[in-house]
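# Residue-level structure breakdown
Here's the letter readout for the chains.
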Amino acid sequence: MRRYVVSLVFAGCVAAAAPLAAQPAMHDETSAAQPAPPAMAVQQVRVPLPGFREEAAMVLVGTALIGIAAAVRRAA
């Protein structure tokens, strides 16, 4: 059971680190050489996107946490 918990933790760390590794590097040298783009006024419009709503995602995350807690409790 320990191997199962360790693999879940490892998979979670990999999933959390992937977006951080995919971000482009910030360089101060290039930002100083390029002029700033002109300011623009943009109106924001909320468009319903297909996919999970926030409430559904929160329920799924809560269910997953309860399942992990139950697995850890059984392993202890």
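Residues numbered from 1 in each chain as written. Predicted model: local features only at pLDDT ≥ 70, side-chain atom pairs only at ≥ 80, totals over all residues. Heavy atoms only, no water.

## Some remarks on the overall build of the protein chain
Of regular secondary structure, the protein chain possesses 3 helices and 0 strands. Sequence-ordered secondary structure for the protein chain, helices as α and strands as β, is α-α-α. By the burial criterion, 1% of the 76 residues in the protein chain qualify as buried. Surface summary for the protein chain: the accessible area is close to 7,800 Å², and the carbon and sulfur share equals 66%. (Helix = DSSP H or I, 4+ residues; strand = E, 2+ residues; numbered from the N terminus. Buried < 20%, exposed > 50% of the residue type's maximum accessible area, 1.4 Å probe, protein only. Areas by Shrake-Rupley, 256 points an atom, 1.4 Å probe, with all protein chains shown as cover.)

## A word on the confidence of the model for the protein chain
Interpretation of the predicted coordinates at a detailed level should be avoided for regions scoring low in pLDDT. Here the protein chain averages 77 in pLDDT, and 72% of its residues register 70 or above. Here helix H2 (residues 28-33) stands out as the least confident element of the protein chain, with mean pLDDT 55; helix H3 (residues 54-75) is the most confident, with 90. (pLDDT = per-residue confidence, 0-100.)

## Section: a nonpolar patch on the surface
On the surface, Met1, Tyr4, Leu8, Val61, Leu65, Ile68 and Val72 cluster together to form a nonpolar patch covering roughly 650 Å² of accessible area. Elements supplying a minimum of two residues to the nonpolar patch: helix H1 (2-22) and H3. The element contributing the most residues to the nonpolar patch is H3, with 4 residues. (Patch = residues over 30% accessible without salt bridge, like charges linked within 9 Å, V, L, I, M, F, W, Y side chains within 5 Å. Salt bridge = Lys/Arg side-chain N within 4 Å of Asp/Glu carboxyl O.)

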